[in-house]
Amino acid sequence: MNFNLLIIFWCIPSTLSLNEVDLRRSLLDPAVYDKFVRPRINASHIVNVRIELTSVNVISLASSGNRIPRQDWKDPGWKERESSFSQACILLLNWDDEFLTWNASHYEGVDSFVMDPSFLWTPDVTIFGRMEGNQGVDFSRVQVQSNGSVSTLFSGLLTTHCSSNPAYFPFDYQLCTVKVGSQIYSSLDVFIEITSVKIDKEQEGNPTWDLVDIKLRNTSYGYQEVFFCLRRKPLYLTVLYMAPTTMLAVLVLISYVIPSEAGEKISFGMSLFLSFMVCLLQLIGHLPQVSTSVPALEIYYMLHMVSGVISVVVSSFTAYVIHKTDQSPQSTVTKVKDVAMVLDKNDKTDRKVMKNPNGRLRSGIFLNRFGFFVSFLLILTANSVMINATLVSTGCIYPE
Ligand SMILES: *[C@@H]1O[C@H](CO)[C@@H](O)[C@H](O)[C@H]1NC(C)=O
Ligand SMILES: *[C@@H]1O[C@H](CO)[C@@H](O)[C@H](O)[C@H]1NC(C)=O
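Within any chain, residue numbers begin from 1 and follow the written order of that chain's sequence. By the order in which they are written, chains take letters starting at A while ligands take numbers starting at 1. Where local features are concerned, this predicted model is filtered to residues with pLDDT of at least 70; where side-chain atom pairs are given and counted, the filter is 80 or more; whole-chain, interface and lining totals use all residues. Water and hydrogen atoms play no part in the side-chain values, which are based on all heavy atoms of the structure.

Enquirer: Residues and numbers for the packing of aromatic side chains, please.
Expert: Pairing of aromatic side chains requires ring centres within 6.5 Å, counting the rings of Phe and Tyr and the six-membered ring of Trp. Pairs whose planes differ by under 30 degrees are stacked, by over 60 edge-to-face, and all others tilted. Counted according to the given criterion, the structure contains twelve aromatic pairs. With a centroid separation of 5.7 Å and 50 degrees between ring planes, the pair formed by F128 and Y223 is classed as tilted. With F128 in strand β4 (residues 125-128) and Y223 in strand β10 (residues 223-232), this pair connects stretches of sequence that are 95 residues apart. Ring geometry for Y300 against Y301: centres 6.4 Å apart, planes inclined by 70 degrees, an arrangement best described as edge-to-face. By relative accessible area, which is 1% here, Y300 ends up buried. Among the aromatic residues, ring-to-ring pairing joins W95, W121, F139 and Y185 into one connected group. For helices the rule is a DSSP run of H or I covering at least 4 residues; for strands it is a run of E covering at least 2, with both sets numbered from the N terminus onward. Throughout this description, buried means an accessible area under 20% of the type-specific maximum (1.4 Å probe, protein chains only), exposed means over 50%, and partly exposed covers the range between.

Structure (C-alpha cells):
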C-alpha cells in the first residue's frame, strides 16, 4: 500500500507538469481553434497588424530600355519585367491573437513557441501591383508569445510595378509606390498598418541606383502607400557619353576653321556626324524606352547632331559660293536680275560685288561665321539643357 502511494506521489509531478507539446495541443486543438476565424473574442474588435519594413537592397529599377535576363519563360513573374522595381526587403509583422494566450508557469515556463503559419490565422497582407505572380506575402515561421502576440517575417525579393519618368535622365529621381493592404478583410476587421520604414544602413548599394528616402502615406482606400525615392547615379553615363560628345562638339567648331580650299571640310563634317550617330546608337541601349517624355540626354545629343549637320550644310554652301563656276552664276544672276530690277535698281552694285571673287570670298566667310555662331549656340543650348536637368531634378515629387 505504502509502496503504491509512493509510486503515485512520484508520478504526480511528471503528469501534472505540462510541456510545449501539451501547450500546442491544447491551444490549437481543432475543437477550440479555427484558423479561419479572426482572432478576436469580441467580433466587433479590430485586428491591428503592424508591419515594420526594412529595405535591404535595391536590386533593379528597369524600364523597358534596360534588358533584364529572362530567367524562366514559364514563370509568369519573369515575363513582365518592364517598368519594374525590385528590392530585397524584410517585412516584420506582428499582431495579437486572443485565442493564443496561456500562463507560462503552467507549462514549465514556456512563454513562446515557433510554428508553421499554416496552423493559425494569418492576415492576408497583399502588395498591390506586385509582379511576382502571387500578390500576397508568404510568411516564414511564426513565433507565438504567451500574451497572444504573434510575430512573423517576410524576407525576400519584392518586385512591384514602377513607371519611370526619364525627363531628367541621367540626373533623374524616380518615385516608386508600393501599396500594402488586405484584400479579403475590410479595414474595420483587419487594419494593416506599416508602423515604420527604414533603409538598411549596411546595404551594399546598387551600382546605378541610390535609395534616397522612404515615405509612408495612409489612403482612405484601406491600404497604405510606401514611396521609395531613388536617385540614378549619373557618373557612368556622364563619363561614357558626355565627355566624347563635348570633344566632338569642339571638333565641329574647329571644322569651321578649315579652309574651304582644303576640300576636306565636308568629309570631315560627315565623319563627325557619323561619330555622333555611333554614340547615339550606343546610347539607345541605355535610354529608357518611354514615350512620356524626352530624356535630357537625348535632347543634348540631338542638339549636338543638329550643330554637326549645320556645319556640313554651311561648308557645302560656302564651297558652292566660293567655287561656283562662271557659267552657273551668270544664269542665276540673270534670273535674279529681272526681279531685282523691279524691286530695286540700286541692287546692281551688289550684284557686281557677287560676281567679284573677293565679294564671293567675303560672303563665304560670312556664311562660315554665321554657321559657326549657330553651331556654337546649339552646343551651348545642349549644355544648358543638361545643366538645367541637374539643377531642376533635386528630389522626388511626392503626390499630395
Ligand atoms: C464588444 O465590444 C464592443 C465595443 O468595445 C462593446 O460595446 C460590446 O459590449 C462588446 N461585446 C461583448 C459581447 O463583449
Ligand atoms: C499563472 O499561474 C500562477 C500559478 O497558478 C499564478 O500564481 C499566476 O497568477 C498566473 N498568472 C496569470 C497572469 O494568470
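Enquirer: Can you lay out the pattern of salt bridges for me, pointing to particular residues and giving the numbers?
Expert: Any Lys or Arg side-chain nitrogen located within 4 Å of an Asp or Glu carboxyl oxygen qualifies as a salt bridge. Tallied over the full model, the rule gives seven salt bridges. Across the salt bridge formed by R50 and D96, the nearest N and O atoms sit 3.9 Å from each other. You can see R50 sitting in strand β1 (residues 47-62) and its partner D96 sitting in strand β2 (residues 84-96), a full 46 residues away along the chain. By relative accessible area, which is 27% here, R50 ends up partly exposed. D172 is the partner of R232 in a salt bridge, and the nearest nitrogen-oxygen pair spans 2.7 Å. Residue R232 is found in strand β10, and its partner D172 is found in the loop between β6 (149-161) and β7 (173-182); the two are separated by 60 residues along the sequence. Each member of the pair, R232 as well as D172, carries the same accessibility label: buried. A cluster of three or more residues bridged by salt bridges with shared partners is formed by D210, R231 and K233.

Enquirer: Outline the sheet that holds β6, listing residues and values.
Expert: Paired strands are those between which DSSP finds at least two bridges. Strand order in the open sheet formed by six strands is β3-β5-β6-β2-β1-β8, and the pairing between neighbours is mixed. Unpaired on one side and paired on the other, β3 (112-115) and β8 (190-199) mark the two borders of the sheet. Neighbouring strand axes in the sheet, compared pairwise and without regard to direction, differ in orientation by 25 degrees on average. In this sheet, β2 lies alongside β1 in antiparallel orientation, the contact comprising eleven bridges. Bridging across to β2, I51 finds its partner in L93. Helix axes are fitted only over the stretch in contact, all axes being lines through C-alpha atoms; the angle between N-to-C directions runs from 0 to 180 degrees.

Enquirer: Any details on the nonpolar core? Residues and values, ideally.
Expert: Side chains of nonpolar character tend, in soluble globular proteins, to be buried together. Here, the term nonpolar core denotes a set of buried Ala, Val, Leu, Ile, Met, Phe, Trp, Tyr and Cys residues that are joined through side-chain atoms within 4.5 Å. Judged by nonpolar contacts, the single largest core of 46 residues is most densely connected at I51, L120 and F228. Sorting elements by how many residues they give to this core places β1 first, with six residues.

Enquirer: Go over the site of ligand 1 with me, naming the residues and quoting the values.
Expert: N42, S44 and H45 make up every residue found near ligand 1. We define a polar contact as two N or O atoms separated by no more than 3.5 Å, with the added condition that, inside protein, one atom must be a possible hydrogen donor and the other a possible acceptor, whereas residues neighbouring each other in sequence contribute only through side-chain atom pairs. In this structure, an oxygen atom belonging to ligand 1 sits 3.3 Å away from a side-chain N or O atom of S44. When isolated, ligand 1 has an accessible area of 360 Å², and the protein chains bury 23% of it. Any residue with a heavy atom positioned within 4 Å of a molecule or strand is treated as near that molecule or strand. Accessible areas in this description were obtained via Shrake-Rupley with a 1.4 Å probe; residue shielding takes into account the shown protein chains only.

Enquirer: I'd love a proper account of the confidence of the model for the protein, names of residues and values included.
Expert: A residue's pLDDT is simply how confident the predictor is in it, with values from 0 to 100. When pLDDT is averaged along the protein, the result is 82, and 82% of the positions lie at 70 or above. Per-residue pLDDT, averaged within each element of the protein, yields its smallest value for helix α6 (residues 327-343) (48) and its largest for strand β5 (residues 142-145) (94). What makes two residues a contact is simply this: any of their non-hydrogen atoms within 4.5 Å. In the model, residues 65-69 has pLDDT below 50 throughout and makes twelve contacts with residues more than four positions away in sequence or in other chains. In this model residues 333-340 is a low-confidence stretch, pLDDT under 50, and it forms six contacts with partners more than four residues away in sequence or in other chains.

Enquirer: Go over the state of the cysteines with me, naming the residues and quoting the values.
Expert: Note that a disulfide, as used here, is simply two cysteine sulfur atoms within 2.5 Å. All chains considered together, the criterion is met by two disulfides. Two residues, C162 and C176, share a disulfide whose sulfurs are 2.0 Å apart. On the sign convention where negative is left-handed, the bridge of C162 and C176, at about -80 degrees about the S-S bond, is left-handed. Here C162 is found in the loop between β6 and β7, whereas its partner C176 is found in strand β7, with 14 residues between them in sequence. Accessibility classification places C162 together with C176 in one group, the buried group.

Enquirer: Go over the site of ligand 2, please, and point to the residues and values.
Expert: Around ligand 2 lies a shell formed by N103, S105 and H106. A distance of 3.2 Å separates an oxygen atom of ligand 2 from a polar atom in the side chain of S105.

Enquirer: Explain unusual backbone geometry to me, and be specific about the residues and the numbers.
Expert: In this chain, F169 is followed by P170 through a cis amide linkage whose omega measures 5 degrees. If you trace the backbone, P170 turns up in the loop between β6 and β7. At E108, a residue that is not glycine, the phi angle is positive and equals roughly 50 degrees. Structurally, E108 can be placed in the loop between β2 and β3.

Enquirer: So what's going on with the side chain of N57? Which residues, and what values?
Expert: Here N57 is to be found in strand β1. The residues touching N57, leaving out its near neighbours within four places in the chain, are Q87, A88, Q203, E204, G205 and N206.

Enquirer: Quick rundown of a nonpolar patch on the surface? Include the residues and the values.
Expert: Patch membership requires more than 30% relative accessible area and the absence of a salt bridge. Residues of like charge join within 9 Å; the nonpolar side chains Val, Leu, Ile, Met, Phe, Trp and Tyr join within 5 Å. Taken together, the side chains of F372, F373, F376, L377 and L380 make up a nonpolar region of the molecular surface, amounting to roughly 460 Å² of accessible area. Relative to the helices and strands, L377 resides in helix α8 (residues 357-392). Under the relative-accessibility criterion, L377 is labelled partly exposed at 43%.

Enquirer: If you had to explain the sheet that holds β7 to someone new, which residues and values would you point to?
Expert: The four strands are arranged β4-β7-β10-β9 in an open sheet whose pairing can be described as antiparallel. The open sheet has two edge strands, β4 and β9 (209-218), and neither has a second partner. Within this sheet the neighbouring strands show an average axis-to-axis angle of 25 degrees, counted without direction. Here β4 runs beside β7; their pairing, made up of four bridges, is antiparallel.

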